Amino acid sequence: MTKKVLMLAAKANMIQQFNHRNIKILQDLGYEVHVATNMVDFGSMSAEENERFKQWMIDNNVIAHQVDFERRMGSLKGNIRSIKQLRQIFKKNDFAFIHVHSPLGSILGRLVAKQYKVPTIYTAHGFHFFNGGPKSGWLFFYPLEWIFSFITDTLITINDEDYALARKHMHAKNIVKINGIGVDVEKAWTVTDEEKILARKKIRKELNIPENSFLMSSVGELSDRKNHKVVLEALRMMTSEQRQNIYYIIAGTGANGDLLNELANSFNFGSNFKLLGYRSDIHEINYASNLSVFPSFQEGLGVAGLDATVDGVFVIGSNKRGILDYIQSGINGELFSPDDPNSLKILIINLLNIGGTWNKFEFLKSFDDTNIDKTMILRYGGYGK
């Protein structure tokens, strides 16, 4: 009889962005993989990417189940509907275990799994409570995570702060840490300087950015949490002479695009500021940049910043959990408080001569995706025997 496993998240983007390799690992271990998620209201990715993901599941023999999870923590009516849909899936399939993601998906998934006596692996992609975080996160999410940890077989954390907190306060049978989803460090380090120079010229030509200008880039959703606004605020605090040769680009989609454009235009920076939308050539954008800025208020393990430093770009990042894990001040980047544009301004001014070389840092090898995959193989291999 074929072993079955369920991968579950409230929104499809959580599966698409973080679990392709996990699905392949499970299939290599002999599991029939099912996915339960919302593929209609699919989260922070483009409609085209959502269609590609659905096709990828078809091509790779993944059995998909539509569950109408609502946004954020959902409504009582919506969550009851989602629970009923999940129960139908569990009734028809005898799962060896389930792997849940996202706050809402993990809570509803663990509830139903408990009812059907199915073990649960839960990956916390950054707890919604953290040092320096809002009190609302501690008042609402901490009690929920604490209560549901009692019915969690394995809790996977993805940064040092969450791991320490989970070891001290949570009650899952097993608590482990991985370095996010990992990035392909070894492959990144095979890219030659000549290839990077060509990519740099190509991107700058496409975006009409002068070869001798100082290019800063950010990657991420255009949202309050990603906090791109603070970069523009820092630039606004400079003199026109200080910023005359600076360009700033952001790759990502989201609701704050108009706000960011208005802010840039408010100090005559609009012609040097570009919103690129969704891009599939992030590595090339990194190579084209003198500096990467990752100003988020909150991250689990910010992959965009990690990608940039693995690509050899100097990174200014927030002094927050998940970013602290891979930026060593003065070595591969600098840290600043994400609500302090003046400190960011000073850092940028001090770094205006940086760029032109790409560095490799040995400590980043621990973030290579092969190391994460080895841990997941061990974890998955312990179930369904």
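These numbers come from a predicted model, not from an experiment.

The helix and strand inventory of the protein stands at 16 helices and 13 strands. In terms of its C-alpha atoms, the protein occupies a principal-axis envelope of roughly 65 × 45 × 40 Å. Looking at the protein as a whole, 55% of its 385 residues are labelled buried. Counting contacts in the protein only where the partners sit at least 6 residues apart, residues at least 24 apart contribute 70% of the total. When the accessible area of the protein is evaluated, it comes to approximately 17,300 Å², of which 52% is carbon and sulfur surface.

Taken in spatial order, the seven strands line up as β3-β2-β1-β4-β5-β6-β7 in an open sheet, and their pairing is parallel. The two strands at the open ends of the sheet, each matched to only one other strand, are β3 (63–66) and β7 (174–177). The average undirected angle you get between the axes of adjacent strands in this sheet is 20 degrees. Bridge count for strand β2 (residues 31–38) against β3 is four bridges, and the pairing is parallel. Across the sheet, residue alanine 36 finds its bridge partner in β3, namely histidine 65. In the packing of helix α7 (residues 160–169) onto the sheet, the strands contacted are β6 (154–157) and β7, and the crossing angle to β7 comes to about 165 degrees. With respect to the sheet, helix α16 (residues 369–381) is in contact with β1 (3–11), β2, β4 (95–101), β5 (120–124), β6 and β7, its orientation differing from that of β4 by roughly 140 degrees.

For the rest of this paragraph, the subject is the pattern of salt bridges. As enumerated under the stated definition, the model contains 16 salt bridges in all. Notably, a salt bridge pairs arginine 279 with aspartate 281, separated by 2.8 Å at the nearest N-O pair. The two residues arginine 279 and aspartate 281 agree in class, both being buried. Salt bridges sharing common partners tie together Lys11, Asp41 and Arg71.

Glancing now at helix α15 (residues 341–350). By the burial criterion, the buried members of α15 are Pro341, Leu344, Lys345, Leu347 and Ile348. Down the axis, α15 shows its buried residues gathered within 165 degrees of arc, on one side only. On its buried face, α15 is in contact with β8 (214–219), α10 (229–236), β9 (246–251), β11 (291–294), β12 (315–318) and β13 (333–336).

Moving on: the packing of helix α5 (residues 103–115) against helix α6 (residues 135–149). At a minimum axis separation of 11 Å, α5 and α6 run at an interaxial angle of 30 degrees. With respect to α6, the axis of α5 lies roughly parallel. Between α5 and α6 lies a crossing whose hand is left-handed. Contacts between α5 and α6 pair Pro103, Ile107, Arg110 and Leu111 from the former with Phe141, Leu144, Glu145, Phe148 and Ser149 from the latter.

Our next topic: the pairing of β8. Burial within β8 is extensive, with six of its six residues counted as buried. Where β8 and β9 come together, six bridges link them in parallel fashion. By the bridge assignment, serine 218 is partnered in β9 with isoleucine 250. As defined by bridge partners, β8 adjoins β11 across two bridges and the pair is classed as parallel.

Let's shift gears to empty space enclosed by the protein. Overall, the coordinates contain two cavities of 30 Å³ or more when judged by the stated rule. Around the largest cavity sit Pro103, Ser106, Ile107, Arg110, Tyr122, Phe141, Leu144 and Glu145, which together line it. At the level of secondary structure, the elements contributing two or more residues to the lining of the largest cavity comprise α5 and α6. Among the elements that line the lining of the largest cavity, the one with the most residues is α5, at four residues. In this structure, the second largest cavity encloses a volume near 30 Å³.

A few words now on the side chain of threonine 152. Turning to its location among the elements, threonine 152 is positioned in the loop between α6 and β6. Setting aside residues no more than four positions away along its own chain, threonine 152 makes contact with Arg110, Thr120, Tyr122, Ala172 and Lys173.

Between α10 and α15, the least distance of the axes is 8 Å, while the angle of their chain directions is 70 degrees. Taken together, α10 and α15 sit at an angle that is classed as roughly perpendicular. In this structure, α10 meets α15 at a crossing whose hand is right-handed. Here Val230, Val231, Glu233 and Ala234 of α10 come into contact with α15, specifically with Pro341, Leu344 and Lys345. A per-class count over the contact of α10 with α15 returns five nonpolar, no polar and two charged.

Attention now moves to a nonpolar patch on the surface. Residues Trp146, Ile147 and Phe150 make up a contiguous nonpolar surface patch of roughly 300 Å² in combined accessible area. Note that isoleucine 147 resides in helix α6.

You can see glycine 322 is positioned in the loop between β12 and β13. Along the chain, glycine 322 and valine 303 lie 19 residues apart, while their C-alpha atoms are 9.2 Å from each other. In contact with glycine 322, not counting residues within four places along its chain, are Asn159, Glu299, Gly300, Leu301 and Gly302.

Here we take up helix α12 (residues 257–266). All buried positions along α12 are accounted for by Gly257, Leu260, Leu263 and Ala264. The buried residues of α12 occupy one face: seen down the axis, they fall within an arc of 130 degrees. The exposed set on the far side of α12, more than 90 degrees from its buried face, consists of Asp258, Glu262 and Asn265. Along its buried surface, α12 packs onto α10, β9 and β10 (273–277). Downstream of α12 by one or two residues, asparagine 268 has phi in the positive range, about 60 degrees.

What counts and how
- Residues numbered from 1 in each chain as written.
- Predicted model: local features only at pLDDT ≥ 70, side-chain atom pairs only at ≥ 80, totals over all residues.
- Heavy atoms only, no water.
- Helix = DSSP H or I, 4+ residues; strand = E, 2+ residues; numbered from the N terminus.
- Buried < 20%, exposed > 50% of the residue type's maximum accessible area, 1.4 Å probe, protein only.
- Contact = heavy atoms within 4.5 Å.
- Areas by Shrake-Rupley, 256 points an atom, 1.4 Å probe, with all protein chains shown as cover.
- Pairing = 2+ DSSP bridges.
- Axes fitted to C-alpha atoms, helices over the stretch in contact; angles between N-to-C directions.
- Salt bridge = Lys/Arg side-chain N within 4 Å of Asp/Glu carboxyl O.
- Arc of directions from axis to C-beta.
- Parallel < 35°, antiparallel > 145°, perpendicular 65-115°, else oblique.
- Left-handed = near helix turned anticlockwise from the far one by under 90°.
- 1 Å grid on protein atoms, 1.4 Å probe; cavity = no way out; pocket = protein on both sides within 12 Å on 5 of 7 lines; lining within 4 Å.
- Points joined across faces, edges and corners; volume = space filled by probe spheres on them.
- Nonpolar A, V, L, I, M, F, W, Y, C, P; charged D, E, K, R; others polar.
- Patch = residues over 30% accessible without salt bridge, like charges linked within 9 Å, V, L, I, M, F, W, Y side chains within 5 Å.

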